[in-house]
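# Per-entry structural report
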Amino acid sequence: MIASLDGAVGAVAADSLVLEIGGVGYRVFAAPAILATAEPGARLKLHTYHLVREDQQALYGFRSPEEIGRAHV
């Protein structure tokens, strides 16, 4: 499981961002408040929830581990 990611913001989209870590870009879905402050090239650390379903896998990013427990992913 991926517990957190710390790297450079590669790109920001409407519902997600890409964190570049060691040459790998991770797409992370995040809240609008996180996306609004994410700047390409800036360093960002997110605590993550890895959603695994039969038809989908996704990473969701949060500012703190406590936010994960409050989220309804």
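This is a predicted model, so every value here is computed, not measured.

### Thoughts on the overall build of the protein chain
Scanning the protein chain for helices and strands turns up two helices and five strands. On C-alpha atoms alone, the protein chain measures out to a radius of gyration of 12 Å, which is about the 11 Å that the 2.2 N^0.38 rule sets for 73 residues. The C-alpha extent of the protein chain, read off along each of the three principal axes, is 30 × 25 × 20 Å. Going through the 73 residues of the protein chain one by one, you find that 30% of them count as buried. Within the protein chain, contacts between residues separated by at least 24 positions form 42% of all contacts whose residues are at least 6 apart in sequence. A total of about 4,600 Å² of accessible surface is found on the protein chain, and carbon and sulfur atoms cover 53% of it. Both charge centroids of the protein chain, one from 6 positive and one from 8 negative side chains, sit 5 Å from each other.

### What about the sheet that holds strand β2 (residues 16-21)?
Sheets are built from strands that pair by backbone hydrogen bonding, the pairs being arranged parallel or antiparallel. Spatial ordering of the closed barrel is given by β1-β2-β3-β5-β4, a layout of five strands whose pairing is mixed. Adjacent strand axes in the sheet meet at a mean angle of 55° when their direction is disregarded. Relative to strand β5 (residues 56-62), strand β4 (residues 43-53) runs antiparallel, the two sharing seven bridges. Along β5, the bridge assignment pairs Val52 with Gln57.

### Describing the packing of aromatic side chains
Per the stated rule, a full pass over the model turns up one aromatic pair. Judged by centre distance (5.6 Å) and plane angle (35°), the rings of Phe29 and Tyr60 are tilted. Taken together, the positions of Phe29 in strand β3 (residues 24-30) and Tyr60 in strand β5 put the pair 31 residues apart, joining distant regions of the chain. A residue is classified by how much of its surface remains accessible, and Tyr60, at 22% relative accessible area, is partly exposed.

What counts and what doesn't
- Residues numbered from 1 in each chain as written.
- Predicted model: local features only at pLDDT ≥ 70, side-chain atom pairs only at ≥ 80, totals over all residues.
- Heavy atoms only, no water.
- Helix = DSSP H or I, 4+ residues; strand = E, 2+ residues; numbered from the N terminus.
- Rg over C-alpha atoms; globule rule 2.2 N^0.38 Å.
- Buried < 20%, exposed > 50% of the residue type's maximum accessible area, 1.4 Å probe, protein only.
- Contact = heavy atoms within 4.5 Å.
- Areas by Shrake-Rupley, 256 points an atom, 1.4 Å probe, with all protein chains shown as cover.
- Lys, Arg positive; Asp, Glu negative; His and termini not counted.
- Charge placed at Lys NZ, Arg CZ, Asp CG, Glu CD.
- Pairing = 2+ DSSP bridges.
- Axes fitted to C-alpha atoms, helices over the stretch in contact; angles between N-to-C directions.
- Phe/Tyr/Trp six-rings, centres within 6.5 Å; stacked < 30°, edge-to-face > 60°.

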